Amino acid sequence: MALLHLAGPANSTLTTGRHGRSTVELLRRVECHPPPRSFRVHARKPAAGGSPGAGTEPSSSSENAVLKAAWYGSELLGIAASFFRPSSPPSPEGADAGGDVEGGGAAERLDHAGVVEAIKEDFARSYFVTGNLTLKAYEEDCEFADPAGSFRGLRRFKRNCTNFGSLLEKSNMKLTRWEDLEDKSIGHWRFSCVMSFPWRPILSATGYTEYYFDAESGRVCRHVENWNVPKMALLRQIFRPSRWIWEKR
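The notes below deal with the structure included here.

Re the nonpolar core
Formed by 31 residues in total, the largest nonpolar core has its most connected members in Ile 119, Phe 123, Tyr 127, Tyr 138, Tyr 211 and Val 220. Secondary-structure elements contributing two or more residues to this core are helix H3 (112-124), helix H4 (127-130), strand E3 (138-146), helix H5 (154-165), strand E5 (168-180), strand E6 (185-195) and strand E7 (202-213). Ranked by the residues each element gives to this core, the list is headed by H3, at five residues. The residues contacting Tyr 138, other than those within four sequence positions of it, are Ile 119, Asp 122, Tyr 127, Leu 133, Phe 144, Leu 154, Tyr 211, Arg 219, Val 220 and His 223.

What to know about the pairing of E6
The element E6 is largely enclosed, with a buried count of nine among its eleven residues. Direction of pairing for E5 relative to E6: antiparallel, over a ladder of eleven bridges. The partner of Met 173 across the bridge, within E6, is Phe 191. Linking E5 back to E6 in an antiparallel pair, the connection comprises four residues.

Description of the packing of aromatic side chains
Counting across every chain of the model gives ten aromatic pairs. Between Phe 123 and Tyr 127, the aromatic rings sit 5.3 Å apart at their centres with planes inclined by 85°, giving edge-to-face as the arrangement. Its relative accessible area of 2% is what places Phe 123 among the buried residues. On the basis of relative accessible area, Tyr 127 is assigned to the buried category, the value being 0%. Summarising the aromatic geometry, the rings of Tyr 127 and Phe 157 are spaced 6.4 Å apart at their centres and angled 55° between planes, so their arrangement reads as tilted. With Tyr 127 in helix H4 and Phe 157 in helix H5, this pair connects stretches of sequence that are 30 residues apart. No difference in accessibility class separates Tyr 127 from Phe 157, as the two residues are buried. Site record: aromatic cluster; members linked through ring pairs are Phe 123, Tyr 127, Phe 128, Tyr 138, Phe 144, Phe 151, Phe 157 and Trp 189. The ring of Phe 151 carries the charged tip of Arg 156 above its face, separated from the ring centre by 4.4 Å.

Quick notes on the rules
Residues numbered from 1 in each chain as written. Predicted model: local features only at pLDDT ≥ 70, side-chain atom pairs only at ≥ 80, totals over all residues. Heavy atoms only, no water. Core = buried A, V, L, I, M, F, W, Y, C linked by side-chain atoms within 4.5 Å. Buried < 20%, exposed > 50% of the residue type's maximum accessible area, 1.4 Å probe, protein only. Helix = DSSP H or I, 4+ residues; strand = E, 2+ residues; numbered from the N terminus. Contact = heavy atoms within 4.5 Å. Pairing = 2+ DSSP bridges. Phe/Tyr/Trp six-rings, centres within 6.5 Å; stacked < 30°, edge-to-face > 60°. Lys NZ or Arg CZ within 6 Å of the ring centre and 35° of its normal.

Set out below in structure tokens:
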């Protein structure tokens, strides 16, 4: 509300309206009966880089915690199951493209085209669940990441893939599309499996894996999995009995 300052003698009175009220009378009335207060709602400007869904962070954090716990639990379960799994007979020399962790000498080193071709062949061997991958196509300290977490180490990745495969009754993996970009390659895939748990859960998902290559060696230095399904939805599939169980009952 603006204040109106009127110039004039100090003892002068002004009349307003038809009732002839003086200015002094009006001021007294205002002092005795102040107008009702008005309230303003101030919207706080979001911080730079903030997201509209910032209020959902606690639930997202809890979901990530659950997913990480399940991820590490499955890794430990796979390690435990590996002690009860009969050791497979050694494959003939040269039959397994991934048999040499060190990748052989310089003469056996793959160029970029050879690395890409090796990865495509690994998909045909369902390397995600068999651990049968061309190790010389990867750096020894390659980073492996997915929505649940990340770690470094080619040996650990191979072990986890092999152990996870031992928990499956059957599986199917298919490379559906391949992209070669300037800084990476992307393999799009479709995967489904039936786990060997008593309730025979079925896991099914599509996604893609990003392969980043070391500038000097040409080998894969980062292997990043991305799923096209919500993280918790994929986890819930593990606890859902398959239709086969219900039909048997």
